[in-house]
Amino acid sequence: MNKLAEFYTASANKLANLQYLVYTTGAKVNEQLMEDLANKAKDGKADTDFTAFYNNWISVNGKAFEDLFHTDEFSKLQGELVTLDAEIRTNTDKLMESALAPYPVALKSQLDEMYKTNYELKKQVYEMGKQLATLVKNSVTTEKATKPSEEVVEEKHEAKHVAPKAAAATATRKK
Amino acid sequence: MAQETMNLAEEMAEVSEKLIKGYENLKNTGEILVAQTPKVEVWKRDKVTLYHYTRTTKPVLKTPVLISYALVNRQDMLDLQPDRSVVKNLLDLGLDLYIMDWGYPGPAEKYNTMDDYINGYLNDAVDFIREEQSVEKVNLMGICQGGTFSAIYAAIYPEKIKNLITLVTPIDFSTNDGLLFKWAKDMDMDTLVDGYGTVPGEFLNSGFALLKPMAQASKFQNLLNIMGDEDKLMNYLRMEKWINDSPNQAGECYRQFMKDLYQENKLAKGELVVGAHKVNLKNITMPLLNIYATEDNLVPPASSIPFNDLVGTKDKELYKFPGGHIGVFVGSRTQKELGPAIEKWFAARDK
């Protein structure tokens, strides 16, 4: 619980720093934009429609924020924030699990275990299917060398259908 | 002052009119359909599917083409709408096309690795096509991350690939030209993947949105201007549907992709290991066409261009396409220029 609270505090801190960077960039740009607008008005060249003003606003802001996002400071801060969010998630899950442990519900960690077993078993079946396909193919090749041609053609036809099915024990061919 | 008041009133009236027309159009909008070019599911394992596009005529080229798109977005980008469809264009030009659909990984797919995707699904799909079409080799066309996977695949199994095309594909990750390349180096991928299991598509999308921070604002402004035009509105909605359709990422695959490639640049250095295979790009001895976009901010040219210096083939071409990462697929120039160029390049190597 303490750990989770620490992560929340650290995350709020980093978020505040990040927001400060974004806010100061935005404020600087707006100040600059207003100055430019005033200068344009003085020279009698002020934007006459909202679209022109809006496009300029977007273009100047876009450039300023892209520059900000390219800085090491932003990149590092963002990286730290993402890490802290992931830590919060991990620790929240743990906390939830300890709260739910007495109840008859499947916990995330238990499901994860099942997913892992399922993944490993599927992989084993897949590998075995491939091995079986190779064995079937090889046996046809060997028999081809020892049997009369008519029988081989018949078995080859059969193997063509058996081997791929074995190779992709969990796959389906839909043609 | 009077003139300015007049302008303001006119603008407000114009905006109201646009909003009314747009509202009417939105009201009549049915389901937003994408990827409508007919195709047939021919192979499937777990959540990964291989589709074969339906042809009404015999293909012009004897070697079929397998398209491998990125895992981070949907391959529907190649077939957003009939008049902006790379797929339809290539079909019309006579190619026999297959496409990988990597599916939507859920919590159960969190353990899927790059090995599973490349040596498993992609390899099986290639073998399926080889057997189905009775050909020794297929043409492989990889896009973005799907291009990186294709390059890795072609380096491991050069005997199965006749020609390789990569489009907007990151290979050299040492660059910091693109924001994603810079940010990825400052992230703790282990903590991230351990925390999420399957990395949410929304997480990736929020990063993509920051690449052009004001794009959302100009997009909505543009929406106001086009929503009165039904066709333009539908174009916009199809694109929005695609943008927001971001599958989650299988954790283990994401972990290796980000750590080994984005952070340590192992592919370009010749140090990448995928499953039981060390990946040596010099093994790419088949012809290579490497297409990059000049204004690409997701996969900067600096990440794609060096690929041609890392491969073993002498038949290699670098194709510079003016535009951005997405413009390559939906721009009008794509239909007129890029599609025919791809067909011509394949045709010259279809002996």
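Since the structure is predicted, the reported quantities are computational estimates derived from the model, not experimental observations. (Residues numbered from 1 in each chain as written. Chains lettered and ligands numbered in written order. Predicted model: local features only at pLDDT ≥ 70, side-chain atom pairs only at ≥ 80, totals over all residues. Heavy atoms only, no water.)

### Some remarks on the overall build of chain A
Scanning chain A for helices and strands turns up five helices and one strand. Reading chain A from its N terminus to its C terminus gives the helix and strand order α-α-α-α-α-β. The buried share of chain A, taken over its 175 residues, is 26%. Counted over contacts in chain A with a minimum sequence separation of 6, partners at least 24 positions apart contribute 72%. Per element, the accessible surface of chain A, about 12000 Å² overall, is 59% carbon and sulfur. (Helix = DSSP H or I, 4+ residues; strand = E, 2+ residues; numbered from the N terminus. Buried < 20%, exposed > 50% of the residue type's maximum accessible area, 1.4 Å probe, protein only. Contact = heavy atoms within 4.5 Å. Areas by Shrake-Rupley, 256 points an atom, 1.4 Å probe, with all protein chains shown as cover.)

### A short note on the interface of chain A and chain B
The interface is formed by 45 residues belonging to chain A together with 47 residues belonging to chain B. Roughly 4000 Å² of surface becomes buried between chain A and chain B when both sides are summed, with 55% attributable to carbon and sulfur atoms. On the surface where chain A and chain B come into contact, there are six salt bridges. Its salt-bridge partner being A:Lys130, residue B:Asp124 comes within 3.8 Å of it at the nearest N-O pair. Counting every contact that joins chain A to chain B gives 13 residue pairs in polar contact (both at pLDDT 80 or more). Of all elements in the fold, only helix H2 (50-69), helix H3 (72-100), helix H4 (108-146), helix H5 (149-167) and strand S1 (171-173) of chain A reach the threshold of two or more residues within the side of chain A that touches chain B. Sort the elements by how many residues they give to the side of chain A that touches chain B and H3(A) lands first, with 13 residues. Class assignment of the residues belonging to the side of chain A that touches chain B gives a composition of 14 nonpolar, 14 polar and 17 charged. (Buried area = accessible area lost by both parts, 1.4 Å probe. Salt bridge = Lys/Arg side-chain N within 4 Å of Asp/Glu carboxyl O. Polar contact = N/O pair within 3.5 Å; in protein donor to acceptor, adjacent residues only side chain to side chain. Nonpolar A, V, L, I, M, F, W, Y, C, P; charged D, E, K, R; others polar.)

### Things to note about the pairing of strand S2 (residues 48-53) of chain B
Residue and element names in this part refer to chain B. In terms of residue burial, S2 counts as a mostly covered element, since six of its six residues are buried. Pairing between strand S1 (residues 39-45) and S2: six bridges, direction antiparallel. In the strand pairing of S2, Val40 is matched with His52. Looking at chain direction, S2 and strand S4 (residues 97-101) are connected through four bridges and run antiparallel. Residue pairing across strands places Thr49 opposite Asp101, the latter belonging to S4. (Pairing = 2+ DSSP bridges.)

### Let's talk about the packing of aromatic side chains
Enumeration over the complete set of coordinates arrives at 19 aromatic pairs over all chains. Ring centres of A:Phe65 and A:Phe69 lie 6.2 Å apart, and the angle between their planes is 45°; this geometry places the pair in the tilted category. Taken together, the residues span about one helical turn, with A:Phe65 and A:Phe69 both in helix H2 at a distance of four residues. A:Phe69 sits in the buried class, given a relative accessible area of 4%. Taken together, a centroid distance of 4.8 Å and an interplanar angle of 65° make the contact between B:Phe173 and B:Tyr262 edge-to-face. One end of the pair, B:Phe173, is in the loop between strand S6 (161-167) and helix H5 (179-185); the other, B:Tyr262, is in helix H10 (residues 251-263), and 89 residues separate them in sequence. Side by side, B:Phe173 and B:Tyr262 carry an identical accessibility label, which is buried. Three or more aromatic residues joined by ring pairs form one cluster here, namely B:Trp102, B:Tyr117, B:Tyr121, B:Phe149, B:Phe173, B:Phe181, B:Phe257 and B:Tyr262. Sitting above the plane of the B:Tyr51 ring, B:Lys39 keeps its charged end 5.1 Å from the centroid. (Phe/Tyr/Trp six-rings, centres within 6.5 Å; stacked < 30°, edge-to-face > 60°. Lys NZ or Arg CZ within 6 Å of the ring centre and 35° of its normal.)

### Examining the pairing of strand S5 (residues 138-143) of chain B
Look at any regular strand and the pattern is simple: side chains alternate between the two faces of the sheet. All names here are of chain B. For S5, the tally of buried residues reaches six of six residues, placing the bulk of the element in the interior. A two-sided burial pattern is seen for S5, the buried positions comprising Val138, Leu140 and Gly142 on one face and Asn139, Met141 and Ile143 on the other. In the sheet, strand S3 (residues 65-68) pairs with S5 via four bridges, with the strands oriented parallel. Directly across from Ile67, in S5, lies its bridge partner Met141. Across six bridges, the pairing between S5 and S6 is parallel. Within the sheet, the bridge partner assigned to Asn139 lies in S6 and is Asn163.

### Digging into unusual backbone geometry
Residues other than glycine predominantly adopt negative phi, and peptide bonds predominantly adopt the trans conformation. Residues and elements named next belong to chain B. Backbone geometry at Asp46 places phi at a positive 55°, although glycine is not the residue there. By the element assignment, Asp46 lies in the loop between S1 and S2. The phi angle at Cys144 is positive, at roughly 55°, despite the residue not being glycine. Position of Cys144 relative to the elements: it lies in the loop between S5 and helix H4 (145-156).

### Comments concerning the nonpolar core
Residue and element names in this part refer to chain B. One finds Leu50, Leu66, Met114, Leu167 and Ile284 to be the most contacted residues of the largest nonpolar core, which totals 114 residues. Top element by residues in this core is helix H3 (residues 114-133). It accounts for nine residues. Among all residues touching Met114, those that are not within four sequence positions of it are Asn119, Phe149, Ile152, Cys253, Gln256, Phe257, Leu261, Leu272 and Val274. (Core = buried A, V, L, I, M, F, W, Y, C linked by side-chain atoms within 4.5 Å.)

### So, the confidence of the model for chain A
Interpretation of the predicted coordinates at a detailed level should be avoided for regions scoring low in pLDDT. Residues and elements named next belong to chain A. Of all residues in chain A, 83% attain a pLDDT of 70 or more, and the chain-wide mean is 86. In the model of chain A, H5 stands out as the element of lowest mean pLDDT, 50, in contrast to H3, which has the highest, 96. Confidence drops under a pLDDT of 50 for residues 159-166, and excluding neighbours within four residues, the segment shows 13 contacts in the predicted structure. (pLDDT = per-residue confidence, 0-100.)

### Some points on the packing of H3(A) against helix H6 (residues 189-196) of chain B
The interhelical angle for the contact between H3(A) and H6(B), taken along N-to-C directions, is 35°, at an axis separation of 8 Å. H3(A) and H6(B) meet at a crossing whose hand is left-handed. Contacts from A:Val82, A:Thr83, A:Ala86, A:Glu87, A:Arg89, A:Thr90 and A:Asp93 in H3(A) reach B:Thr191, B:Leu192, B:Asp194, B:Gly195 and B:Tyr196 in H6(B). Its residues assigned to classes, the contact of H3(A) with H6(B) shows four nonpolar, four polar and four charged. (Axes fitted to C-alpha atoms, helices over the stretch in contact; angles between N-to-C directions. Left-handed = near helix turned anticlockwise from the far one by under 90°.)

### Looking at the pattern of salt bridges
Residue and element names in this part refer to chain B. Using the criterion set out here, one finds 27 salt bridges over all chains in the structure. When the shortest N-O distance is used, the salt bridge between Lys27 and Glu24 registers 3.7 Å. Taken together, the residues span about one helical turn, with Lys27 and Glu24 both in helix H1 (residues 2-27) at a distance of three residues. You can call Glu24 partly exposed: its relative accessible area is 37%. The shortest N-O distance in the salt bridge between Glu252 and Arg255 comes to 3.0 Å. Here the residue Glu252 and the residue Arg255 both occupy positions in helix H10, the gap between them amounting to three residues, near one helical turn. In this structure Glu252 comes out as partly exposed when scored by relative accessible area, which is 26%. Residue Arg255 is classed as buried on the basis of its relative accessible area, which comes to 16%.

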